[in-house]
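An overview of the molecular structure
Here's the letter readout for the chains.
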Amino acid sequence: LRLEIDDTLLNTEQEGTYFVTYRAKDASGNETVEISRVTVYPMQITEDMLWARVDELLPKLFGEMATKEERCRAIYDSVQASLYYEPRSEQKDWISAAYLALFVEGKGDCYSYMCATKALLFRAGVESLTIQRLPGYTEDTHFWLMVCLDSGEWYHLDSTELAADDYTHSGCLLTDAQIAAYNRVRPHFYEYDVSAYP
């Protein structure tokens, strides 16, 4: 069996996505070709790198006079449209997770969705708080945000695409009552210490 690897398009010195071709051929002439996508990350992602890219993106999402509610809705829609869900176990610092989700991979788990949303909200001038599901209620965890609108009222914002049996739900600007209602459909999904948040 002869294996050839063509990595001429791969540049490990430059951030981006590249393709590597693997070709295996046996003595009878049977050949198999596989193409793999390889993502090269910057050695260290800094806040300055994230803010530079976020600041380029925000003007495309809404105008300067947008209310905080309009900014939240535009950011929610953008994250929903630009990321797809992929479960992971490794959690990076939130700056790296946001950068990778928004500008390198275009995918991630609930933590990546939360971090991407948090970064956009921060630069858009919307105050947010990170919430993590309390341990012990389910096998896994979940992350989402609370945001403060112009009225001073706080709402839940969960950019992760969510669904339960026969129930589709938008995680954009939910009240505590709506969070409780979703918990009845998916028990303990939004289980958190209510006393620790507005």
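A short tour of the structure in this document, coming up. Everything numeric in this text was worked out from a predicted model, so none of it was measured.

Calculation rules
- Residues numbered from 1 in each chain as written.
- Predicted model: local features only at pLDDT ≥ 70, side-chain atom pairs only at ≥ 80, totals over all residues.
- Heavy atoms only, no water.
- Helix = DSSP H or I, 4+ residues; strand = E, 2+ residues; numbered from the N terminus.
- Expected span 1.5 Å × (residues − 1).
- Buried < 20%, exposed > 50% of the residue type's maximum accessible area, 1.4 Å probe, protein only.
- Pairing = 2+ DSSP bridges.
- Axes fitted to C-alpha atoms, helices over the stretch in contact; angles between N-to-C directions.
- Contact = heavy atoms within 4.5 Å.
- Phe/Tyr/Trp six-rings, centres within 6.5 Å; stacked < 30°, edge-to-face > 60°.
- Core = buried A, V, L, I, M, F, W, Y, C linked by side-chain atoms within 4.5 Å.
- Polar contact = N/O pair within 3.5 Å; in protein donor to acceptor, adjacent residues only side chain to side chain.

Turning next to helix H2 (residues 68-82). With 15 residues, H2 extends 21 Å from end C-alpha to end C-alpha; this agrees with the ideal 21 Å at 1.5 Å per step. Within H2, burial applies to Arg71, Cys72, Ala74, Ile75, Tyr76, Ser78 and Val79.

With respect to topology, 3 strands assemble into an open sheet ordered E6-E7-E8, the strand pairing being antiparallel. Taken across any chain shown, the strands that pair with only one partner, and hence form the sheet edges, are strand E6 (128-132) and strand E8 (154-157). Each neighbouring strand pair of the sheet contributes to a mean axis angle of 30°, computed without reference to strand direction. Where strand E7 (residues 143-148) meets E8, 4 bridges bridge the pair, whose relative direction is antiparallel. Bridge pairing in E8 links Met146 to His156. Where helix H4 (residues 110-123) meets the sheet, its contacts fall on E6, E7 and E8, and the angle it forms with E7 comes to roughly 20°.

The subject of this paragraph is the packing of aromatic side chains. Within the structure shown, the criterion is met by 11 aromatic pairs. Where Trp51 meets Trp94, the ring centres are 6.1 Å apart and the plane angle is 55°; that geometry is what we call tilted. Separated by 43 residues along the polypeptide, Trp51 in helix H1 (residues 47-61) and Trp94 in helix H3 (residues 94-105) bring together distant segments of the chain. Cluster of aromatic residues (ring-pair linked, three or more members): Trp144, Tyr182, Phe189, Tyr190, Tyr192 and Tyr197.

The sheet contact formed by strand E1 (residues 2-6) and strand E2 (residues 16-25) spans 5 bridges and is antiparallel. Bridging across to E2, Arg2 finds its partner in Lys25. Connecting E2 to the antiparallel partner strand E3 (residues 31-40) that follows it, the hairpin turn spans 5 residues, and Gly29 within it adopts a positive phi of roughly 95°.

It is worth spelling out the nonpolar core at this point. Leu50, Val54, Ile75, Leu121 and Val147 are the most contacted members of the largest nonpolar core, which totals 41 residues. Breaking this core down by element, the ones donating at least two residues are H1, H2, H3, H4, E7 and E8. In contact with Val54, other than residues within four places in its own chain, are Leu102, Phe103, Ala119, Leu120 and Arg123. Grouped together as the second largest cluster of nonpolar side chains are 11 residues, Ile131, Trp144, Tyr182 and Phe189 included.

It is worth spelling out the side chain of Asn183 at this point. Mapped onto the secondary structure, Asn183 falls in helix H5 (residues 176-185). By relative accessible area, which is 17% here, Asn183 ends up buried. Apart from the residues lying within four places of it in its own chain, the contact partners of Asn183 are His188, Phe189, Tyr190 and Glu191.

Okay, H4 next. The end-to-end C-alpha distance of H4 is 20 Å, a good match for the 20 Å that 14 residues give at a rise of 1.5 Å each. Summarising burial for H4: 11 of the 14 residues are buried, a large majority. Among all positions in H4, only Cys110, Tyr111, Ser112, Tyr113, Met114, Cys115, Ala116, Thr117, Ala119, Leu120 and Leu121 are buried. If you check the start of H4, you find a side-chain oxygen 3.1 Å away from the backbone N of Tyr111, and it comes from Asp109. Immediately beyond the C-terminal end of H4, within one or two residues, lies Gly125, with a positive phi of roughly 80°.

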